[in-house]
Structure formats: C-alpha cells, structure tokens
There are 2 protein chains.
Amino acid sequence: MSSALTPDQLEDRLRGIGAERYHDKHPFHHMLHEGALTKPQVQAWALNRYYYQSRIPMKDSALMARVDDPELRREWRRRVSDHDGREEDDGGIERWLRLTGALGLDRAYVMSTEGILPATKFAVEAYVHFVAERSLLEAIASSLTELFAPKIIAERVAGMLSNYSFIDAETLAYFNKRMDQAPRDSNFALAYVKEHAVRPDQQQAVIDALYFKCNVLWSQLDALHYAYVEPGLIPPGAFQPAAS
Amino acid sequence: MSSALTPDQLEDRLRGIGAERYHDKHPFHHMLHEGALTKPQVQAWALNRYYYQSRIPMKDSALMARVDDPELRREWRRRVSDHDGREEDDGGIERWLRLTGALGLDRAYVMSTEGILPATKFAVEAYVHFVAERSLLEAIASSLTELFAPKIIAERVAGMLSNYSFIDAETLAYFNKRMDQAPRDSNFALAYVKEHAVRPDQQQAVIDALYFKCNVLWSQLDALHYAYVEPGLIPPGAFQPAAS
C-alpha cells in the first residue's frame, strides 16, 4: 500500500476482510446452524467458547490499562460491564453459563476450563497478548470482527432454535443481548480507526489486526472440527463427550 | 499431591507424562515416518515446523533474560548457539532451511512465515510467553520434552530416509545434531528440576509445565493433520501446496 486510503476506503477494505475471512464461512459454523451436529458436539463448542467469553473482559481490561483518556476508558468499560454484569443484569459470562448448563454441562467443570482444547487456549491467549502488547490502534482494530457479528448471531439463533430440540430461546439469551451490544461497540471502534489510522502504515496495521483476529476465531473452529467432527481425534486431556 | 515426591519419583512422573502425551503418539507423526504423506504434506510440516525452530532461540533468550546466575546463563546460551550457529557450525535454523530447501520450498517464503497455519503461530507464541512469564523453574521444566526427543528423531530419520525418495541423509542433517544436543540439554534440565522442585506445589508446577509443553507440540500436529490430511481444510491465507 503506497498511498493512504480515505476513511471510507479503509472501511470498505475492512468489510471486505470480514466477507472473506470471518468465521461464518467455516464449515463447523454451517454444521452448527444447520442442525448437523450431535448434542455432544454442541457441548464441545459451548464449552470451548466459554473460555473465549471468559477472557474477553480480561482482554478489554488490558486495553483500558493502556488508555490515558477517561472518555475512551469509559466507553470501553461498558464492554467489561456487558460481560461481567451489573446490579440489574447478570452479564454475558453468566448468560453463557446458562447455555452450557442447559446443554447439560456441569457449571464447575465449565468454569475450570479443564476440558478445553489446547488450541482454544492458545488462540484466545494470543488475542489477549495482542491487545496488551500491540499499539492501541491495533488493539482497538482487533475488536472489529464485531462488525460482522449481527449476521452470524441471527443465523445462529434462528438455526439452532429450529434444528435442536435441546435448545430454546432462554438458552440463547446471550445472543439476544449481543444483537444490540455488538453494533454499538463495533460502530465506535470503526469510527475510532477511521479517525486515527491515517498514514498507510497505520492503515496496514489496522488491516493486519483484523486478519489476525479473524484467524483467532477461525482456528478455534478448526480445532473443534478436527477434534469432534472429522477426523474426530480428541487431543489427550480434552473433553470426552461419553465421559461427561 | 499432598506430600512431596522424592527426586526420582518426580523423574518417573515426568517420564510417564512423556510416554502418554509426547507427540510421537500423534497420528500425523506416524504418517510422516511411515511414508504415508505426499511431498506437499511433508512440505507443509517442514514449513510450519520452521516457525517453531525460529522461535526457540527467542524462547531461550527470554529465559536467559531472567537468570542472574552466569553459570546457568552460560549453560543455556549453548542452546541459542546450537540454533543460531557458531563460526564453525551454521546452526539448527540454517540446517532446517536446508531441509525446507531440499523439499523445494523457497527460502524467502519459508523465512517470511507467511504461509504457516495460525494455530502453529498461536501454539508457539504460547510457549514463548510461558517461558517469559512463568517462574524460572516452570520455564526450565517446559524444555523437558527433549527427554523424549532422541526416540522420535531416530524413528523420524530412519522412516523418512527409507520411505521418501525426495529425502536423503544430507537433508536430515538437522536431526543428526539434535541426537547429541537433546540428551545433553534435557539431562541438565532434568537435574535442575529434580534439585529445585522440592515442595509439592513446585513439583506440581513442573508437572503442569511439561503437560503444557506436550500440548504445544501436539496441537501443532493436530492443525497440520486437519489442514493437509483429514478433512484437508486449509485455513484461508495458509500454504496451498498447488500454488507453491
């Protein structure tokens, strides 16, 4: 990239990465929504995804720890509240545990994260480290996958409700909240990068951050697909559906 | 673990973890040695493994950066020299590039690490972060997979030489060196943890570090197997054999 993009060109480029690389293109995602998975496979997905959920507020706290502007910290703090809860709202992590509970997984087992795939752990940790170590601009840009979340959530809720007898609307309460939260958060982050990524090198860093984050999400589905679908080789120590 | 193990009991426990969890038990490893892989699949393995090789001296430097004892730093520095080379010896990384070159991969492409699987990157980065962030005892313990290396290397060299027409002894020079280096290094690390892990909590930390490291190695083979063997779904952006 030799000359700078306009803010709107940058937005187009970022949306193009999502169209190509977001994990709604992954075969495991399609199977999940189409009802092609067994209950133990859905359990494995929810169990592993819990680890991601549980680390998001740590990731957001790491970002806040680097911000010297109270207004930006306040904006970002809402994300932590959304996940960790407020007096009147139990928060996203609790709602995720409602999902894993409805799927028949023991709450303490889920929270221990003992049964998750090592690849889940490594991918999520890479995300937390990225946000703690890269520039603030890259850290904020790595949250931009939320631009593409409403579409995948709408597909997920509709597909899972109609295809799995063990899923009901209450079970999926997590996703209903995210339908409002994700656009609000991603609109802020998008406006931030459009304003602050002006030089070509800054714009490339933003683009690379979004590629990185798409890889974080994609590789989690790769690992689930490998372990629990095809060829179905569960790494030693990870969740064994039969024994749960 | 309520009471402390004797040093020899600790060694037995660590060797037991290797017998159960080291990546010589992985199906991809068996296929590699038995000649069951195509040349592009062997290329994918060597390309991804290059990233691991290239980060080992960074991992070892991170460890040295935390050591205040010159004798221990000197011992550990030999590992960095083994990989990075000396005047009279070009080093392990260079020997690995000889392997990827013999397999027909472009040297600059390999060194760019552009084509590696995101899961390779995340697993290897998790290892580097582990060594930089955990206790020195855990950092040293995480190197103990080398206790099990001579067996896998002997199998690998014999199997690959007899099963692949595109592999010769010169191509595998990396492994011949490791047959001497790995036992020397792992004997030192084993003696260190046997001397310094005396309390039950220290011994548990050493055990967990070895489990962690086995997961780092295992998950790299999971990702290769998934992308290039079964189901053979290459993540977007990663090495495509046909286009190489």
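Please refer to the structure higher up on the page.
For clarity, every value in this text was computed on a predicted model and none was experimentally measured.

**Student:** Would you take a moment to explain the overall build of chain A for this structure?
**Tutor:** Scanning chain A for helices and strands turns up 11 helices and zero strands. For chain A, the α and β elements follow one another from N to C terminus as α-α-α-α-α-α-α-α-α-α-α. Whereas a compact globule of 244 residues would reach a radius of gyration of roughly 18 Å, chain A reaches 18 Å, a difference of no more than 12%. Split into buried and exposed, the 244 residues of chain A put 56% on the buried side. Considering only intrachain contacts with a sequence separation of at least 6, the fraction spanning at least 24 residues in chain A is 79%. Of the roughly 9900 Å² of accessible surface on chain A, a fraction of 51% belongs to carbon and sulfur atoms. For chain A, the distance from the average site of its 28 positive side-chain charges to the average site of its 34 negative ones is 1 Å.

**Student:** Explain the relation of the copies chain B and chain A to me, please; I cannot follow it from the model alone.
**Tutor:** To go from the first copy of the chain to the second, apply a rotation about an axis and then a shift along the same axis. Overlaying chain B with chain A gives an RMSD of 0.0 Å, the required rotation being 180 degrees about an axis along which the chain moves by 0.0 Å. Such values leave the two copies arranged in the relation of a two-fold axis. When the interface residues of chain B are mapped onto chain A, 100% of them again lie at the interface, so the same face is used by both copies.

**Student:** Hey, could you run me through unusual backbone geometry in this one?
**Tutor:** One can expect most non-glycine residues to show negative phi and most peptide bonds to be in trans. All names here are of chain A. For the bond running from Glu230 to Pro231, omega is 5 degrees, close enough to zero to count as cis. Tracing the sequence through the fold places Pro231 in the segment after α11 (200–228). One non-glycine residue, Thr113, lies in the positive phi region at around 55 degrees. Tracing the sequence through the fold places Thr113 in the loop between α6 (107–112) and α7 (118–133). The class of Thr113 is buried, set by a relative accessible area of 16%.

**Student:** Hey, could you run me through the packing of aromatic side chains in this one?
**Tutor:** Both the distance between ring centres and the angle between the ring planes are used here to describe each pair of aromatic rings. All names here are of chain B. If you walk through the whole model with that rule in mind, you get 27 aromatic pairs over all chains. Here the aromatic rings of Trp96 and Tyr174 are separated by 5.0 Å at their centres, their planes lie at 85 degrees, and the arrangement is edge-to-face. With a gap of 78 residues between them, Trp96 in helix α5 (residues 92–102) and Tyr174 in helix α10 (residues 173–196) connect regions that are remote in the sequence. With respect to burial, Trp96 and Tyr174 carry one shared label: buried.

**Student:** Looking at this structure, how should I read the nonpolar core?
**Tutor:** Grouped together as the largest cluster of nonpolar side chains are 157 residues, with contacts concentrated most on Trp45 and Val193 of chain A together with Trp45 and Val193 of chain B. Considering every element that reaches this core, the biggest residue donor is helix α11 (residues 200–228) of chain B, with 14 residues. With sequence-adjacent residues up to four places away left out, Trp45 of chain A is seen in contact with Phe28, Leu32, Trp96, Leu99, Arg156, Met160, Phe175, Leu221 and Leu224 of chain A.

**Student:** Honestly, the packing of α5 of chain B against α10 of chain B in this entry has me stumped. Any pointers?
**Tutor:** Helix-helix packing is characterised by the crossing angle of the two axes and by the distance between the axes. All names here are of chain B. Packing of α5 against α10 leaves a shortest axis separation of 8 Å and a crossing angle of 145 degrees. Taking contact as the criterion, the partners of Gly92, Arg95, Trp96, Arg98 and Leu99 in α5 are, on α10, Ala173, Tyr174, Phe175, Lys177 and Gln181. Grouping the amino acids of the contact of α5 with α10 by side-chain chemistry returns five nonpolar, two polar and three charged.

**Student:** Which parts of the structure should I look at to understand the pattern of salt bridges?
**Tutor:** Any two side chains of opposite charge can pair, given that their charged atoms come close. All names here are of chain A. Taken as a whole and assessed by the stated rule, the structure comprises 42 salt bridges over all chains. Here Asp90 ties to Arg95 by a salt bridge, and the two come within 3.5 Å at their closest N and O atoms. Its relative accessible area of 5% is what places Arg95 among the buried residues. As a salt-bridge pair, Asp201 and Arg199 come within 2.9 Å of each other at their nearest N and O atoms. Arg199 gets classed as partly exposed once you look at its relative accessible area, which sits at 44%.

**Student:** Would you explain the interface of chain B and chain A in this entry?
**Tutor:** Each side of the interface is counted separately: chain B has 24 residues, and chain A has 24 residues. Interface of chain B and chain A: buried area, both sides summed, is about 2000 Å²; carbon and sulfur atoms make up 69% of it. Of all residues in chain B, Phe122, Tyr226 and Pro236 of chain B bury the most surface against chain A, accounting for 32% of the area lost on that side. The tally of links from chain B across to chain A stands at zero salt bridges. No other element matches the eight residues that α11 of chain B contributes to the side of chain B that touches chain A. Looking at the side of chain B that touches chain A residue by residue, the class counts come to 13 nonpolar, six polar and five charged.

**Student:** Can you walk me through α5 of chain B in this structure?
**Tutor:** Note that an α-helix has 3.6 residues per turn; residues three or four places apart therefore point the same way. Residues and elements named next belong to chain B. For α5, the complete set of buried residues consists of Gly92, Ile93, Arg95, Trp96, Leu97, Leu99 and Thr100. Looking at the packing, one finds that the buried side of α5 touches α3 (39–64), α4 (70–84), α6 (107–112) and α10. Downstream of α5 by a residue or two, Gly104 has a phi angle that is positive, lying close to 90 degrees.

**Student:** Quick question: what am I supposed to make of α10 of chain B here?
**Tutor:** Under the 1.5 Å per step criterion, the end-to-end length of α10 of chain B is 35 Å for 24 residues, consistent within 8% with the ideal 34 Å. Helix geometry: α10 of chain B is bent most strongly at Met179 of chain B, by close to 35 degrees, with proline Pro183 of chain B lying one to four residues after it.

**Student:** Would you explain the environment of Val198 of chain B in this entry?
**Tutor:** Residue and element names in this part refer to chain B. In this structure, Val198 sits in the loop between α10 and α11. Val198 gets classed as partly exposed once you look at its relative accessible area, which sits at 49%. Along the backbone, Val198 and Ala4 are 194 residues apart, and their C-alpha atoms lie at a distance of 6.7 Å. Sequence-distant contacts of Val198, defined by excluding residues within four places in its chain, comprise Ala4 and Gln203.

**Student:** Can you help me understand the environment of Ile140 of chain A in this one?
**Tutor:** Among the secondary structure elements, Ile140 of chain A is positioned in helix α8 (residues 136–141). In contact with Ile140 of chain A, not counting residues within four places along its chain, are Leu63, Leu72, Trp76, Ala189, Tyr192 and Val193 of chain A.

**Student:** Can you help me understand the packing of helix α1 (residues 7–21) of chain A against α11 of chain A in this one?
**Tutor:** All names here are of chain A. For the pair α1 and α11, interaxial distance at closest approach is 10 Å and the crossing angle is 20 degrees. Comparing their axes, α11 and α1 come out roughly parallel. Note that α1 runs across α11; the crossing there is right-handed. Between α1, through Leu10, Arg13, Leu14, Ile17, Glu20 and Arg21, and α11, the contact on the second element is made entirely by Gln203, Val206, Ile207, Leu210, Tyr211, Cys214, Asn215 and Trp218.

**Student:** Help me understand the environment of Pro241 of chain A in this model?
**Tutor:** All names here are of chain A. Mapped onto the elements of the fold, Pro241 is located in the segment after α11. Spatially, the C-alpha atoms of Pro241 and Leu14 are 38 Å apart, while their sequence positions differ by 227 residues. When sequence neighbours within four positions are dropped, the list of residues in contact with Pro241 reads Pro40, Tyr228 and Ile234.

Thresholds applied
- Residues numbered from 1 in each chain as written.
- Chains lettered and ligands numbered in written order.
- Predicted model: local features only at pLDDT ≥ 70, side-chain atom pairs only at ≥ 80, totals over all residues.
- Heavy atoms only, no water.
- Helix = DSSP H or I, 4+ residues; strand = E, 2+ residues; numbered from the N terminus.
- Rg over C-alpha atoms; globule rule 2.2 N^0.38 Å.
- Buried < 20%, exposed > 50% of the residue type's maximum accessible area, 1.4 Å probe, protein only.
- Contact = heavy atoms within 4.5 Å.
- Areas by Shrake-Rupley, 256 points an atom, 1.4 Å probe, with all protein chains shown as cover.
- Lys, Arg positive; Asp, Glu negative; His and termini not counted.
- Charge placed at Lys NZ, Arg CZ, Asp CG, Glu CD.
- Least-squares fit on C-alpha atoms with pLDDT ≥ 70 in both.
- Phe/Tyr/Trp six-rings, centres within 6.5 Å; stacked < 30°, edge-to-face > 60°.
- Core = buried A, V, L, I, M, F, W, Y, C linked by side-chain atoms within 4.5 Å.
- Axes fitted to C-alpha atoms, helices over the stretch in contact; angles between N-to-C directions.
- Nonpolar A, V, L, I, M, F, W, Y, C, P; charged D, E, K, R; others polar.
- Salt bridge = Lys/Arg side-chain N within 4 Å of Asp/Glu carboxyl O.
- Buried area = accessible area lost by both parts, 1.4 Å probe.
- Expected span 1.5 Å × (residues − 1).
- Bend = angle between axes of the 7 residues up to and from the residue.
- Parallel < 35°, antiparallel > 145°, perpendicular 65-115°, else oblique.
- Left-handed = near helix turned anticlockwise from the far one by under 90°.

Fair warning: the whole summary comes from geometry, so function is off the table for now.
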